[in-house]
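Structural overview
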Amino acid sequence: MAIAFRIDRTGAVENWRVIDNTCEGDDSCGLESATQTARRLMRRAFEGMEGTWSPALQDGRPIGYRLQLTIRIPVERIERMQNPDPLLFLGRNPDESFHDWVRIRVRHDGRFEGKEGLTRIRFFIEADGRITIDQVLTTPDERQAKEIIRVIRNSRRHWTPRKVDGVPQRTEYVYGINLT
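This structure is a prediction, so every number in the text was calculated from the model and none was measured. (Residues numbered from 1 in each chain as written. Predicted model: local features only at pLDDT ≥ 70, side-chain atom pairs only at ≥ 80, totals over all residues. Heavy atoms only, no water.)

**What to know about the nonpolar core**
As a reminder, the rule being used: In these notes, a set of buried Ala, Val, Leu, Ile, Met, Phe, Trp, Tyr and Cys residues joined through side-chain atoms within 4.5 Å is what counts as a nonpolar core. When accessible area is computed with a 1.4 Å probe and restricted to protein chains, residues below 20% of their type maximum are described as buried, those above 50% as exposed, and intermediate ones as partly exposed. Think of it this way: any DSSP run of H or I at least four residues long counts as a helix, any run of E at least two long counts as a strand, and we number them from the N terminus. A contact between two residues is defined here by any heavy atoms of the two lying within 4.5 Å.
Residues Phe98, Val102, Phe123, Ile148, Trp159, Tyr173 and Tyr175 are the most contacted members of the largest nonpolar core, which totals 20 residues. The set of elements that each furnish at least two residues to this core consists of α3 (94-103), β7 (118-125), α4 (142-153) and β12 (171-178). The greatest single-element share of this core, amounting to four residues, is contributed by α4. Aside from chain neighbours lying at most four places away, what touches Phe98 is Phe89, Phe123, Ile152, Ser155, Trp159, Tyr173 and Tyr175. Grouped together as the second largest cluster of nonpolar side chains are 10 residues, Phe5, Ile7, Val18 and Ala34 included.

Listed below in C-alpha cells is the structure:
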C-alpha cells in the first residue's frame, strides 16, 4: 500500500490519500488497491500524528513538500497469527489445493458442451469434517452443478476444519469452476 500527502510550511498535513494502480499522474503506482479497512486504519494512524511533522527548509525558510510512502504490510503472516488454525484441504490452503483435486475428479463426458459459464457452490465443512451443501449460487446448467456437488461430497475425508481456541468450527467455503 502506498500513501501520499503534502506537508505545508507550518508542518500540517494536507491532501492525504492512498495511491495505487487506479490513480493517475504523480499518484499512479503499480500497487494493488488497498482495502477499505486498510485505508480507514491508515487514515486513523496518520490523523494521530497530526502536528508531529516539520516543514522542509530551503535557505533557512520553511517550505511545503510532497511525501510519498510505500508501506508493506505482511497480510498473510498477520492472518496466520490471528487465525493459527485455518481451514485446510489435504493439509494445505484450499484455495490452492481444492481446485486441482476437483479438476481431476469431474467427469468430462461431453454433457457440458456448449454450456459455458461459472458454477459456484456454497458449502460448509462441519466441525466433524462432514460436508453440507448449502446453495448453488450460479450455474449455466443444472447437470454441471450436480456433478460438482457429487465431487464436493466425496471430498469430506480430506478437510481439516478451522479451529478457534483449539475447537473445530463449522466453516463456509464457496467454490467456483468453469467446466468448459
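**Re the sheet that holds strand β8 (residues 131-138)**
Basically, it comes down to this: For two strands to pair, DSSP has to find at least two bridges joining them. Note on method: axes are straight lines fitted to C-alpha atoms, helices fitted across the in-contact stretch only, with angles between N-to-C directions ranging 0 to 180 degrees.
Ordered in space as β8-β7-β12, the three strands form an open sheet in which the pairing is antiparallel. Strands at the two margins of the open sheet, each flanked by one partner only, are β8 and β12. For this sheet the average axis-to-axis angle between neighbouring strands, irrespective of direction, equals 25 degrees. In terms of strand pairing, β7 meets β8 through six bridges, oriented antiparallel. Paired with Arg122 across the two strands is Gln135, which belongs to β8. Across the sheet, α4 touches β7, β8 and β12, and the angle it forms with β7 is around 30 degrees.

**With respect to α3**
Spelled out, the test is: The arc under discussion is defined with respect to the helix axis, by the directions toward the C-beta atoms. A 3.5 Å cut-off defines polar contacts: any pair of N or O atoms within that distance qualifies, except that in protein one atom must be a possible hydrogen donor and the other a possible acceptor, and neighbouring residues in sequence count only when both atoms are side-chain atoms.
Along α3, the residues classified as buried are Pro94, Ser97, Phe98, Trp101 and Val102. Viewed along the axis of α3, the buried residues span an arc of 130 degrees, placing them on a single side of the element. Looking at the buried side of α3, the elements it contacts are β6 (88-89), β7, α4, β9 (159-160) and β12. Its side-chain oxygen 2.8 Å from the backbone nitrogen of Asp95, Asn93 forms the N-cap of α3.

**Things to note about the pairing of strand β1 (residues 2-7)**
With five of its six residues buried, β1 lies for the most part within the structure. Examined bridge by bridge, β1 and strand β2 (residues 13-19) share five bridges and lie antiparallel to one another. Looking at β2, one finds that Arg6 is bridged to Glu14. Between β1 and β2, which pair antiparallel in sequence order, lie five residues; one of them, Gly11, sits at a positive phi of approximately 95 degrees. Relative to strand β5 (residues 65-70), β1 runs antiparallel, the two being bridged by six bridges. Its bridge partner being in β5, Ala4 is matched across the sheet by Gln68.

**Considerations on the environment of Phe89**
Along the chain, Phe89 falls in strand β6. A residue is classified by how much of its surface remains accessible, and Phe89, at 0% relative accessible area, is buried. The sequence separation of Phe89 and Pro62 amounts to 27 residues, and the corresponding C-alpha distance is 59 Å. Beyond its immediate stretch of four places on either side in the chain, Phe89 contacts Pro94, Ser97, Phe98, Trp101, Ser155, His158 and Trp159.

As far as function goes, none of this settles anything; it's purely spatial.
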